[in-house]
Amino acid sequence: RQKDAPHTEACTAVASRARHAILLTGTPSLAKPYDLYRQVECLRSGLLGATKEDFAARYCDRRLVPQTMSAIADGRKRWDNSGGS
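Residues numbered from 1 in each chain as written. Predicted model: local features only at pLDDT ≥ 70, side-chain atom pairs only at ≥ 80, totals over all residues. Heavy atoms only, no water.

1. Remarks on the packing of helix α2 (residues 33–43) against helix α3 (residues 52–59)
In plain terms, the rule: Fitted lines through C-alpha atoms serve as axes, helices being fitted only where they are in contact, and the angles separating the N-to-C directions of these axes extend from 0 to 180 degrees. The helix and strand labels rest on DSSP assignments: H or I over at least four residues marks a helix, E over at least two residues marks a strand, and numbering proceeds from the N terminus. Comment on the angle field: the value is read as roughly parallel under 35 degrees, roughly antiparallel over 145, roughly perpendicular from 65 to 115, and oblique elsewhere. Crossing chirality is assigned from the near helix's rotation relative to the far helix, an anticlockwise turn below a right angle marking it left-handed and a clockwise turn marking it right-handed. In this description, contact between two residues means that some pair of their heavy atoms is separated by no more than 4.5 Å. Each residue is assigned to one class: nonpolar for Ala, Val, Leu, Ile, Met, Phe, Trp, Tyr, Cys and Pro, charged for Asp, Glu, Lys and Arg, and polar for all the others, Gly among them.
Relative to each other, α2 and α3 sit at 140°, their axes nearing to 10 Å. Our classification of the angle between α2 and α3 gives oblique. Crossing angle aside, the handedness with which α2 passes α3 is right-handed. Across from P33, Y34 and Y37 in α2, the residues of α3 making contact are K52, F55, A56 and Y59. Split by residue class, the contact of α2 with α3 holds 6 nonpolar, no polar and 1 charged.

What follows is the structure, encoded as structure tokens:
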């Protein structure tokens, strides 16, 4: 998965220089806490932690899990940030 989509990067750059900003999204903000980070970071940098990974470790129960069922055998893993703590 990409770090952030190009349009997200563009909006973030504009909003960070604006005096006021209103963020709109088609996704419910509380669907996953991990998805909230970029929005809050855009409005108030550093409020939720230094990096998205720090935020995930503290608030999203970040943990390594097998990539797929077939990956269990060969030990391939990925970060799961879908939980909340």
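2. Digging into the confidence of the model for the protein chain
Spelled out, the test is: pLDDT gives the predictor's per-residue confidence on a scale running from 0 to 100.
On average, residues of the protein chain carry a pLDDT of 81, and 82% of them reach 70 or more. Element-level pLDDT for the protein chain is lowest in helix α4 (residues 71–74), with a mean of 62, against a maximum mean of 88 in α3.

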